[in-house]
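Now for the letters of each chain:
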Amino acid sequence: MYNMNYKIRKANQEDLDEIIKLCGEHAAYEQVSYSSDGKAERLSKFLFGATPRLYCLIAENETGVIGYATYMLEFSSWDADFYLHMDCLYLRPHARGIGIGKAIVREIARAAKDNNCTVIQWQTPVFNENAISFYYRLGATSKEKLRMYLNEAEIIKLSK
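These figures come from a predicted structure and were not determined experimentally.

How each quantity is defined
- Every chain is numbered independently, its residues counted from 1 as its sequence is written.
- In view of the model being predicted, local features appear only for residues whose pLDDT reaches at least 70, and side-chain atom pairs are presented and counted only at 80 or more, with totals across whole chains, interfaces and linings using the full set of residues.
- Computation of side-chain values covers all heavy atoms of the structure but excludes hydrogens and water.
- In this text, helices come from DSSP runs of H or I with a minimum length of four residues, and strands from runs of E with a minimum of two, each type numbered from the N-terminal end.
- In this treatment the radius of gyration is a C-alpha quantity, and the globule benchmark scales as 2.2 Å times the residue count to the 0.38 power.
- Here, residues are in contact when the closest pair of their heavy atoms is within 4.5 Å.
- In this count, Lys and Arg are taken as positive residues and Asp and Glu as negative ones, while His and the chain termini are left out.
- The atom standing in for a charge is NZ when the residue is Lys, CZ when it is Arg, CG when it is Asp and CD when it is Glu.
- Whether two aromatic rings pair depends on their centres lying within 6.5 Å, for rings of Phe, Tyr and Trp, where Trp uses its six-membered ring; planes under 30 degrees apart make the pair stacked, over 60 edge-to-face, and the rest tilted.
- Summary of the burial criterion: residues with accessible area below 20% of their type's maximum are buried, those above 50% are exposed, and those between are partly exposed, where the area comes from a 1.4 Å probe applied to protein chains only.
- Two conditions define a charge sitting above a ring: the NZ of Lys or the CZ of Arg must be within 6 Å of the ring centre, and it must be within 35 degrees of the ring normal.
- The salt bridge definition used is simple: a Lys or Arg side-chain nitrogen within 4 Å of an Asp or Glu carboxyl oxygen.

1. Concerning the overall build of the protein
Alright, step 1. Assigned secondary structure in the protein consists of five helices and five strands.
Alright, step 2. Against the globule reference of 15 Å for 160 residues, the protein gives a C-alpha radius of gyration of 16 Å, in line with a compact fold.
Alright, step 3. Long-range pairs, those at least 24 residues apart, make up 57% of the contacts in the protein with a sequence separation of at least 6.
Alright, step 4. Across the protein, 20 positive and 20 negative side-chain charges occur, with their mean positions spaced 3 Å apart.

2. Considerations on the packing of aromatic side chains
Alright, step 1. Under the counting rule described, the total for this entry stands at five aromatic pairs.
Alright, step 2. Consider the rings of Phe75 and Phe82, whose centres lie 5.0 Å apart with planes at 80 degrees: the pair is edge-to-face.
Alright, step 3. In this structure Phe75 comes out as partly exposed when scored by relative accessible area, which is 47%.
Alright, step 4. What makes Phe82 partly exposed here is its relative accessible area of 44%.
Alright, step 5. Judged by centre distance (5.3 Å) and plane angle (55 degrees), the ring pair of Phe134 and Tyr135 falls under tilted.
Alright, step 6. Residue Phe134 is classed as buried on the basis of its relative accessible area of 18%.
Alright, step 7. The exposure class of Tyr135 is buried, given its relative accessible area of 9%.
Alright, step 8. Ring pairs connect the aromatic residues Trp122, Phe134 and Tyr135, which therefore count as one cluster.
Alright, step 9. Here Lys39 stacks its cationic end above the ring of Tyr34, 4.8 Å away from the centre of that ring.
Alright, step 10. Arg96 extends its terminal NZ or CZ atom over the ring of Tyr29, reaching a point 4.6 Å from the ring centre.

3. Points about the pattern of salt bridges
Alright, step 1. If you walk through the whole model with that rule in mind, you get eight salt bridges.
Alright, step 2. Across the pair Arg9 and Asp15 runs a salt bridge whose closest N-O atoms are separated by 2.7 Å. A single burial state applies to Arg9 and to Asp15, both of which are buried.
Alright, step 3. In this structure, the salt-bridge partner of Arg110 is Glu107, at a minimum N-O distance of 2.4 Å. Residue Arg110 and its partner Glu107 are located together in helix H3 (residues 100–114), separated by three residues, close to a single helical turn.

What follows is the structure in structure tokens.
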């Protein structure tokens with residue numbers, strides 16, 4: 001197994017450009033389109049504003065940033081309680097398979113515990129077999145659901 005020294009830390013404002021690059025890499029990996037237009041301003045507001053709504057962890061080594069994860073608190077009507085939603089977890093290819101992902105999820109679990117959340121939820125594409133295997137090894141379970149969304153054009157049409 002390849003040994004890599006790394007650390008995981010909370011993101012700061014200086015990480016913003018790299019976070020945006022990682023988002024683009026992550027989107028390409030998941031085979032979806034991505035535009036960085038306007039992302040710096042909006043991410044900065046939600047990550048580093050007076051009342052952050054989004055939290056980001058950075059994995060880095062001596063060469064620089066090698067991955068990231070984002071998460072936020074959400075509320076479940078069914079459970080009548082808050083849960084932690086892991087929105088993104090992405091590692092650059094050379095940083096996979098050596099324990100960094102597990103270390104990041106461990107930090108997110110600590111954040112869940114600190115926020116009295118008893119559930120962490122996330123999603124991954126059905127074709128991402130490596131990620132699915134990784135999550136099952138962590139002890140995760142899954143539910144079959146189809147993710148639905150409305151884009152901005154449809155929101156505008158429906159809201160009229």
